[in-house]
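So you can see what is in the structure, the chains are spelled out below.
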Amino acid sequence: MLVVLLLLILLGAVHQVTIGKMAIVDAFFCVCATITTLGCGKKSLFSRTRRSFAVYWILFSTISLALFFLYVAELHIERRLRALLKRVLAFKMTHEDLEAQA
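Bear in mind the structure is a predicted one, so any value in this text is a computation, not a measurement. (Residues numbered from 1 in each chain as written. Predicted model: local features only at pLDDT ≥ 70, side-chain atom pairs only at ≥ 80, totals over all residues. Heavy atoms only, no water.)

For the rest of this paragraph, the subject is the overall build of the protein chain. Check the secondary structure of the protein chain and you find four helices and zero strands. In sequence order, the secondary structure elements of the protein chain are arranged as α-α-α-α. The C-alpha atoms of the protein chain give 24 Å as radius of gyration, which overshoots the globular expectation for 102 residues (13 Å, by more than 25%). Counting only C-alpha atoms, the protein chain reaches 75 × 25 × 20 Å along its principal axes. For the protein chain, buried positions account for 22% of its 102 residues. In the protein chain, of all internal contacts separated by at least 6 residues, the share reaching a separation of at least 24 is 52%. Approximately 8,200 Å² of the protein chain is accessible, and the part contributed by carbon and sulfur atoms is 69%. (Helix = DSSP H or I, 4+ residues; strand = E, 2+ residues; numbered from the N terminus. Rg over C-alpha atoms; globule rule 2.2 N^0.38 Å. Buried < 20%, exposed > 50% of the residue type's maximum accessible area, 1.4 Å probe, protein only. Contact = heavy atoms within 4.5 Å. Areas by Shrake-Rupley, 256 points an atom, 1.4 Å probe, with all protein chains shown as cover.)

This is the structure:
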């Protein structure tokens with residue numbers, strides 16, 4: 001997923017540099033701002049070609065970023081659950097643990 005996200009960032013930056021006539025640093029800034037906040041605000045997409053590219057690119061790149069964060073969160077939760085499972089399986093039960101207390 002990280003590779004897809006990086007490719008989408010690169011694709012957006014190349015598009016902004018070649019068709020949008022932006023500087024490379026400005027293109028990467030605009031791409032990162034657009035993916036994370038859905039808007040750069042600095043430049044406007046005037047041509048129909050740029051707008052149609054932007055619609056699909058913003059959709060795919062924002063979804064890819066959300067999936068990337070989902071996978072990172074899943075990894076974190078899985079590690080915590082694995083630690084909990086180890087702790088539970090290492091617990092030695094006694095008869096007192098099984099008796100009901102009144």
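From this point, the narrative continues.
Before going further, it helps to examine helix α3 (residues 48-90). In this model, α3 (43 residues) spans 63 Å end to end at C-alpha, consistent with the 63 Å of a helix rising 1.5 Å per residue. Every buried residue belonging to α3 is among Arg50, Ala54, Trp57, Ser61, Ser64 and Leu65, and all of these are buried. Those residues of α3 hidden inside the fold are in contact with α1 (2-18) and α2 (24-37). (Expected span 1.5 Å × (residues − 1).)

This part covers α2. Taking 1.5 Å of rise per residue, 14 residues should cover 20 Å, and α2 covers 20 Å from first to last C-alpha, within 8% of that figure. If you check which residues of α2 are buried, you get Ala27, Cys30, Val31, Ala33, Thr34 and Ile35.

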